Amino acid sequence: MSSYVTAVLPTDQPPLMHQAVDEAVRLLREGEVVALPTETVYGLAANALDAAAVAKIFEAKERPSFDPLIVHLASKDQLDLVADVPPEISATLKKMVERFWPGPLTILLPKKPIVPDLVTAGLPTVAVRVSSNPIFRRVITALGKPLAAPSANRFGSISPTSASAVQAELDGRIHLIVDAGACMFGLESTIIKIEPGSPKMFIDIVRPGPITPEDLKAYGKVRQATRTVVDEATAAPGQLASHYAPKTPLRLLESPDDFIPEEGKRYALMSYRGEEKDGYLNLCDWEEVMMLSPGNGKLPEAAVRFFYVLRALDKLGVDEIIAEPLHEHGMGIAMMDKLRRASRRV
Ligand code: AMP
Ligand code: MG
């Protein structure tokens, strides 16, 4: 692995923003990888049509080659460049793209040969979306090529929602991080597959995320793809059981009654609101309590803070992080999925 000096370029003033965008485009044209903000999490981007550039993503992330990457398009007009849309689903796809793009919805479609097999891990499908982040859009529009961009973290680790989190993950491994502050959603995109059905299409959720089953139900019969460890290796290779894991052991405590603290062990609590009535606050003498939604107690606020809180708790050096369960609706579905993976129980 080569060692680089990793520049972090700000974007909070117009001239600086233009410089950062220009530098990102220059590096991408040269076949390099660049960390860019998206509305979900920070992504590690490379020209999706250049296999050698894409290989650098896998190298920097230490990502196994069986885990496919999402391809970001400059606009929906680039869809035909990378995907073959089956006629049976094209009307539904068109409506969904109109409604959700640019935005955090990734769609699996049959791939065109122009997409390198490395991007799709040899699968016949390609995962595509259009990001709504204005900096990302400037870069991809200027480049004019689709960008493969998985989350900008080491494989299996916590996704980054700030430039400093990217730095903690990839410093010295890439040339550039474009800093555009916190990500708007804080959770990775929802991934779906549209399957032909009558009278309605089936919308299979392959990975839960910011676009919820409630949002999708107007477009077909929504099915939550239930994954087993065997499925993981085949249908959705990236959705591995032990994903999003902090280095500290994490336990999702479905009920406060299930917790018996061990003598001499140090625990930290990931709490939803930090309220006593939830039954978790007084379970033990917590080393630290961090709240997902200290403000309004709503799931989107928790989503924005989710990876930040996980990362902060991981730095404490406690013996175990205990996580309170979240309501499993809306964005809570995605966070519970991640907590189960982080606690290595699917
Ligand atoms: P990331 O970009 O790091 O959030 O990860 C992308 C994830 O998208 C992968 O880990 C897979 O779960 C999923 N994915 C991407 N491409 C495909 C594909 N062709 N088929 C199935 N799942 C995919
Ligand atoms: Mg990832």
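Here, residues in each chain are numbered from 1, in the same order as that chain's written sequence. Whichever chain is written first becomes A and whichever ligand is written first becomes 1, with later ones labelled in order. It should be noted that, the model being predicted, local features are given only for residues of pLDDT at least 70 and side-chain atom pairs only at 80 or more, the latter also being counted only at that level, while totals for whole chains, interfaces and linings use all residues. To obtain the side-chain values, all non-hydrogen atoms of the structure were included, while hydrogens and water were left out.

Pairing of aromatic side chains requires ring centres within 6.5 Å, counting the rings of Phe and Tyr and the six-membered ring of Trp. Pairs whose planes differ by under 30 degrees are stacked, by over 60 edge-to-face, and all others tilted. Under the defined criterion, the tally for this structure stands at 4 aromatic pairs. Between Phe100 and Tyr219 the ring centres are 5.5 Å apart and the planes differ by 65 degrees, which places this aromatic pair in the edge-to-face class. A residue pair is termed long-range when its members are at least 10 positions apart, and Phe100 in helix H4 (residues 87-100) and Tyr219 in the loop between helix H8 (213-216) and strand S11 (221-224) qualify at 119 residues. Residue classification places Phe100 among the buried residues on the basis of a relative accessible area of 3%. In this structure an aromatic cluster arises from ring pairing among Phe259, Tyr267 and Trp286. Sitting above the plane of the Phe202 ring, Arg223 keeps its charged end 3.9 Å from the centroid. Numbering of helices and strands starts at the N terminus; helices are DSSP runs of H or I of at least 4 residues and strands are runs of E of at least 2. Exposure categories follow from relative accessible area, calculated using a 1.4 Å probe and restricted to protein chains: below 20% of the type maximum is buried, above 50% is exposed, and the middle band is partly exposed. Any Lys NZ or Arg CZ found within 6 Å of a ring centre and within 35 degrees of that ring's normal is scored as a charge over the ring.

Throughout this description, the term salt bridge denotes a Lys or Arg side-chain nitrogen within 4 Å of a carboxyl oxygen of Asp or Glu. Applying the stated criterion across every chain, the model contains 20 salt bridges. A salt bridge links Glu287 to Arg266; the shortest N-O distance between them is 3.0 Å. Here Arg266 lies in the loop between strand S12 (250-252) and strand S13 (267-271) and Glu287 lies in the loop between S13 and strand S14 (288-291), a separation of 21 residues in the sequence. Looking at Arg266, the relative accessible area reads 34%, which means it is partly exposed. Its salt-bridge partner being Arg341, residue Asp337 comes within 3.0 Å of it at the nearest N-O pair. Linking Asp337 with Arg341, this pair stays in helix H11 (residues 332-342), spanning 4 residues, or about one helical turn. Like Asp337, the residue Arg341 is buried in the burial classification. Look at the salt bridges and you will find they share partners, linking Glu23, Arg26 and Glu30 into a network.

This part is about the UniProt feature "domain: YrdC-like" (unreviewed entry) in the protein chain. Here, the residues flagged by UniProt with the feature "domain: YrdC-like" (unreviewed entry) are residues 18-211. Taken end to end, residues 18-211 comprises 32% helix and 21% strand; its first and last C-alpha atoms sit 31 Å apart. UniProt positions are given in the numbering used here, feature names are shortened, and annotations may be inferred rather than shown by experiment.

UniProt marks Thr40, His72, Arg129, Ala149 and Ser189 with the feature "binding site: L-threonine" (unreviewed entry), using the numbering shown here. The annotated residues occupy 150 residues of the chain but converge on a single region, no pair of C-alpha atoms lying more than 12.4 Å apart. Locating Thr40 in the fold gives a position in the loop between strand S2 (34-36) and strand S3 (43-47). Within 3.5 Å is the distance limit for a polar contact, defined as a pair of N or O atoms, with the added protein rule that one can donate a hydrogen and the other accept it, and that residues adjacent in sequence qualify only through two side-chain atoms. Of note is the side chain of Thr40, whose polar atom sits 2.8 Å from the side chain of Thr38. Structurally, His72 can be placed in strand S4 (residues 70-72).

Moving on, we get to empty space enclosed by the protein. Using a 1 Å grid laid over the protein atoms alone, points where a 1.4 Å probe fits but cannot get out form a cavity; open sets with protein on both sides within 12 Å along at least 5 of 7 lines form a pocket; any residue with an atom within 4 Å of a point counts as lining. Grid points are joined across faces, edges and corners, and a volume is the space filled by probe spheres set on the points. Under the defined criterion, the tally for this structure stands at 2 cavities of 30 Å³ or more. What lines the second largest cavity is Ile205, Pro208, Gly209, Ile211, Thr212, Pro213, Gly330 and Ile333. When residues are sorted by character, Ala, Val, Leu, Ile, Met, Phe, Trp, Tyr, Cys and Pro go into the nonpolar class, Asp, Glu, Lys and Arg into the charged class, and all the rest, Gly among them, into the polar class. Broken down by class, the residue content of the lining of the second largest cavity amounts to 5 nonpolar, 3 polar and no charged.

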